[in-house]
Amino acid sequence: MRRSTLTSSAYAAVGVAALVAIWQAGSMLTGNSLLLPSPAEALKALGTVVRTRGFFSDLWASALRVLKGFSLSYALGLAFGAASGSVRPVRYMLSPLFAALRTVPFISLSVLAIIWFPSGTVPVFVAFLMAFPIVASDVSEGMASVDPLLVELTKVYKVPWHKAVTGLYLPSLMPHLVSAFSQALGMSWKIVVSAEVLSMPSKGIGGRMDSARSFLETPELFAWTLLLVALGFTADAALGALRARAFRWREGRLWRM
Amino acid sequence: MEDVTVRNLGKSFDGKPVFSNLDMTFVNGEVTAVLGPSGRGKTTLIRVLCGLERQDVGDVAMPEGIGCSVVFQEPRLLPWLTVEGNLRYCMDGEGAGRALEILSGLGLDGFKDRYPTSLSGGEQQRVNLARALASPERVLLMDEPFNSIGLGMKAELLPLLRERIASERKTVVLVTHSPVDVALMADRFYLMNDDGKGADGPFTLEIGKAGRKLDDDELGQQVHKLMKLMASLGKGARDPDELK
C-alpha cells in the first residue's frame, strides 16, 4: 500500500516536471513574456500577487461564492438525485431538466443571470446551475446501483429504516457521493471565476484576472491560474485521503473502526 | 395452529407458469424439505413464503405475527461491514451474539472483525446460515443453503439446527435439489413434480426428530432410497411406501 502510494506520487511528479519543461520550452521559443511567460516569471508574479493589498479579500470573496454555489448544488443535487433514483416517475420527470442543464452553455446562463441578479450573486447562481445536474445524476445513478439482493435482505430481516440508510444506502452511494463532491467542487471554482470575469463584482479573482488582461499583465494571469490549479490539487489530495479511508473495506483486511 | 400451510399455490412469470397446485404443510418443530431439480420454482416458493413475491393464485397461511428468516442461495453480505457488523445489521446485539456463537461452532471462531471479501465462498455461506439460524423469527426458510459447504460441515449443522428448532419453536423449510441434504436434515419432504403441476408428499424420513447424526451406512441407504423414489416418481409410478 505505502509502496504503491510512493510510486504513484513519483509518477505524478514526473508528469508535473514534463508539463513545466514543455511550458519552459514554449516560453523560450516565443521569447515574449506578454504571449507566454516562463514558469519562473509566473511564479514571481504569483509572489507579487499574493503580497498585493486586497489579495486575501479577493480570494475570500471568490471562495465564499464557490462555497455557496457548491453547497447549494450539493444539497439540492442530493435531494433531487435521491428522489429521481428511487422513484421512477420522478426520474422521468426530472431527466429533461438535467439534460437541458447539462447542455446549456454556461455563457447563456451567465448573461441571463447578469440581467436578473446583482453582480456578486451571478457567479453563485451559475455555479449552482452547472454543478447541480452533475450531483443529481451521480446520486441518482448511485441509488439505482444499490444491490437489489441486499435490498431484499433488508426487507426480509425487517431492518429499521435508519439502520438501512446508514448500513446500506449511504455506503452504496459513497463512491458516487465522493465523485460528485470532487466534480461539483472543481466545476464550481471554474464557473465562479469565469462568471466573475463577466459580471465584474467589486471583489473576486475573476475581476483581478480581467484587469490583468486589460493591462496585458500576462504573468499575473498565469499566476492566478497557477493558484487555482494549486487549490484544485489540494482539494483532490484531501478527497483522495478521505476516499482511501471510506473504502478500506475493499482491502478485505482486519480493520477496526 | 403454528404450522405454515400453502393451498393451491400458483405463480407464473410473463404468463409462463413456474409452479401450480402446490399444497403443502410445513409442520412446526420439524424440517420439511422440498426436493426437486433446478428450474421447478423452488426459489420462487421461498420468495412467496417470505413475501418477496406475491402468488398469482392460492393462499399462504402464516400464523399471525410470525416472521421469516431466510438462508439465501447467495451469501448476501454487506461488503463494507465486518462479519459482526453484518449480523448486527439484520438483528439486535443479542441475536448477533448468538450468531457469533453458532459461527464458532461452524469453525469460524475469531472471524467477527473480518470483512466478507477476505472470506471464502463457503465461509461467507456459513455466515449466511448463522445469521438466519440466530434470528428470533419463527419461520426459517433455507434455499439451497449448503452451496460450497462440505458434507462434514452439514453433519455439524444438524444438532445446531435441532437445538434452534427446539428452543425457538421454529418451522423450517429446506428447499434443495440434493437427496443427500434431505436425508441428512429433513423430517419430511415433498417432491416437486416434473411438469410443474403440484408436488408429491409429504413423505416421512426415518431420521426423524431424534436429531442424531446418521453414520455413513445409514446415510448411504437413505440417499439410495431417495434416489429410487425420485426415479420411480419421475416414471409415473407412485409408491411412497417404498420409503420406510
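This is a predicted model, so every value here is computed, not measured. (Residues numbered from 1 in each chain as written. Chains lettered and ligands numbered in written order. Predicted model: local features only at pLDDT ≥ 70, side-chain atom pairs only at ≥ 80, totals over all residues. Heavy atoms only, no water.)

K.L.:
Can you explain the side chain of B:Lys42? Please cite residues and give values.
P.N.:
All names here are of chain B. Examined against the element boundaries, Lys42 turns out to sit in helix 1 (residues 42-49). Exposure remark for Lys42: the relative accessible area of 6% places this residue in the buried category. A polar contact of 2.7 Å, which involves the side chain of Lys42, links it to the backbone oxygen of Gly36. In this structure Lys42 touches Val34, Leu35, Gly36, Pro37, Glu144, Val175, Thr176, His177 and Met192, once residues within four positions along its chain are discounted. (Helix = DSSP H or I, 4+ residues; strand = E, 2+ residues; numbered from the N terminus. Buried < 20%, exposed > 50% of the residue type's maximum accessible area, 1.4 Å probe, protein only. Polar contact = N/O pair within 3.5 Å; in protein donor to acceptor, adjacent residues only side chain to side chain. Contact = heavy atoms within 4.5 Å.)

K.L.:
Hey, could you go over a nonpolar patch on the surface for me, with residue numbers and the actual values?
P.N.:
Residue and element names in this part refer to chain A. A surface patch of nonpolar side chains, amounting to about 670 Å² of accessible area, comprises Ile107, Val111, Leu112, Ile114, Ile115, Trp116 and Leu198. Examining the composition of the nonpolar patch, we find that 6 residues originate from one element, helix 5 (residues 106-116), more than from any other. Mapped onto the elements, Val111 comes out in helix 5. With relative accessibility at 46%, the residue Val111 sits in the partly exposed group. (Patch = residues over 30% accessible without salt bridge, like charges linked within 9 Å, V, L, I, M, F, W, Y side chains within 5 Å. Areas by Shrake-Rupley, 256 points an atom, 1.4 Å probe, with all protein chains shown as cover. Salt bridge = Lys/Arg side-chain N within 4 Å of Asp/Glu carboxyl O.)

K.L.:
Requested: an account of the interface of chain B and chain A, with residues and values cited.
P.N.:
Size of an interface, as often reported, equals the accessible area lost when the parts are brought together. Counting from both sides, the interface comprises 27 residues of chain B and, opposite them, 24 residues of chain A. Together, the buried faces of chain B and chain A total about 2300 Å²; carbon and sulfur atoms form 63% of this surface. Inspection of the region where chain B meets chain A yields 3 salt bridges. At the junction of chain B with chain A, the criterion picks out 8 residue pairs in polar contact (both at pLDDT 80 or more). Listed by contribution, the elements that provide at least two residues to the side of chain B that touches chain A are strand 5 (68-71), helix 2 (83-90) and helix 4 (121-134) of chain B. Classifying every residue of the side of chain B that touches chain A by side-chain character gives 14 nonpolar, 5 polar and 8 charged. (Buried area = accessible area lost by both parts, 1.4 Å probe. Nonpolar A, V, L, I, M, F, W, Y, C, P; charged D, E, K, R; others polar.)

K.L.:
How would you explain the domain arrangement of chain A if you had to name every residue and give the values?
P.N.:
All names here are of chain A. What the domain assignment reports for chain A is domain 1 (1-31) and domain 2 (37-253). Centre-to-centre, using C-alpha coordinates, domain 1 lies 26 Å away from domain 2. Every contact between the two is made by 5 residues of domain 1 and, on the other side, 7 residues of domain 2. Buried area between domain 1 and domain 2, both sides added, is near 520 Å², and the carbon and sulfur share of it is 76%. Applying the counting rule to domain 1 against domain 2 returns 0 salt bridges. Between domain 1 and domain 2 we count 1 residue pair in polar contact (both at pLDDT 80 or more) in total. (Domains from an automatic or database assignment.)

K.L.:
Please set out the state of the cysteines residue by residue, giving values where relevant.
P.N.:
All names here are of chain B. Inspection of the entire model under this criterion finds 0 disulfides over all chains. The closest cysteine sulfur to the non-disulfide-bonded Cys50 is located on Cys68, 6.1 Å from its own sulfur. No disulfide involves Cys90; its sulfur sits 13 Å from that of Cys50, the nearest cysteine. With a relative accessible area of 7%, Cys90 lands in the buried category. (Disulfide = S-S within 2.5 Å.)

K.L.:
Explain the sheet that holds strand 4 (residues 57-61) of chain B to me, and be specific about the residues and the numbers.
P.N.:
Residues and elements named next belong to chain B. Pairing in this open sheet of 3 strands is antiparallel, and the strands run 2-1-4 from one edge to the other. A single partner strand is all that each edge strand has here, and the edge strands are strand 2 (16-26) and strand 4. Strand-to-strand twist across the sheet, computed as the mean angle between neighbouring axes with direction ignored, equals 20°. Of the pairings in the sheet, the one linking strand 1 (residues 4-13) to strand 4 comprises 4 bridges and is antiparallel in character. (Pairing = 2+ DSSP bridges. Axes fitted to C-alpha atoms, helices over the stretch in contact; angles between N-to-C directions.)

K.L.:
Break down helix 4 (residues 88-103) of chain A for me, citing the residues and quoting the values.
P.N.:
Residues and elements named next belong to chain A. Between its first and last C-alpha, helix 4 extends 23 Å over 16 residues, near the 22 Å set by a 1.5 Å rise per residue. Of all the bends in helix 4, the largest measures some 35° and sits at Leu94, one to four residues before the proline Pro96. For helix 4, every residue scored as buried is listed here: Leu94, Phe98 and Leu101. Turning to helix 4, the residues buried within the fold contact helix 3 (55-86) and helix 6 (121-144). (Expected span 1.5 Å × (residues − 1). Bend = angle between axes of the 7 residues up to and from the residue.)

K.L.:
I'd love a proper account of the packing of aromatic side chains, names of residues and values included.
P.N.:
Under the criterion given, the structure shown has 13 aromatic pairs over all chains. Their ring planes at 80° and their centres at 4.9 Å tell us that A:Phe70 and A:Phe181 sit as a pair that is edge-to-face. Of this pair, A:Phe70 sits in helix 3 while A:Phe181 sits in helix 8 (residues 161-199), and the two are 111 residues apart along the sequence. Given the relative accessible area of 7%, A:Phe70 is considered buried. Pairing A:Phe98 with A:Phe132 gives two aromatic rings, centres 5.9 Å apart and planes at 70°, and the pair type is edge-to-face. Here A:Phe98, found in helix 4, pairs with A:Phe132, found in helix 6; they are 34 residues apart in sequence, far enough to count as distant. Pairwise contacts between aromatic rings join A:Phe80, A:Phe98, A:Phe128 and A:Phe132 into one cluster. We note B:Arg76 situated over the ring of B:Phe72; from NZ or CZ to the ring centre the distance is 4.0 Å. It is B:Arg114 that lies over the ring of B:Phe111; its NZ or CZ is 4.8 Å from the centre. (Phe/Tyr/Trp six-rings, centres within 6.5 Å; stacked < 30°, edge-to-face > 60°. Lys NZ or Arg CZ within 6 Å of the ring centre and 35° of its normal.)

K.L.:
Hey, could you go over the packing of helix 2 of chain B against helix 3 (residues 93-105) of chain B for me, with residue numbers and the actual values?
P.N.:
Residues and elements named next belong to chain B. Viewed as axis vectors pointing N to C, helix 2 and helix 3 meet at an angle of 135°, and their least axial separation amounts to 8 Å. By the criterion of interaxial angle, the relationship of helix 2 to helix 3 is oblique. Every pair of crossing elements has a handedness; the one defined by helix 2 and helix 3 is right-handed. Residue-level contacts link Val83, Glu84, Leu87 and Arg88 of helix 2 to Gly93, Ala96, Ala99, Leu100 and Leu103 of helix 3. Grouping the amino acids of the contact of helix 2 with helix 3 by side-chain chemistry returns 6 nonpolar, 1 polar and 2 charged. (Parallel < 35°, antiparallel > 145°, perpendicular 65-115°, else oblique. Left-handed = near helix turned anticlockwise from the far one by under 90°.)

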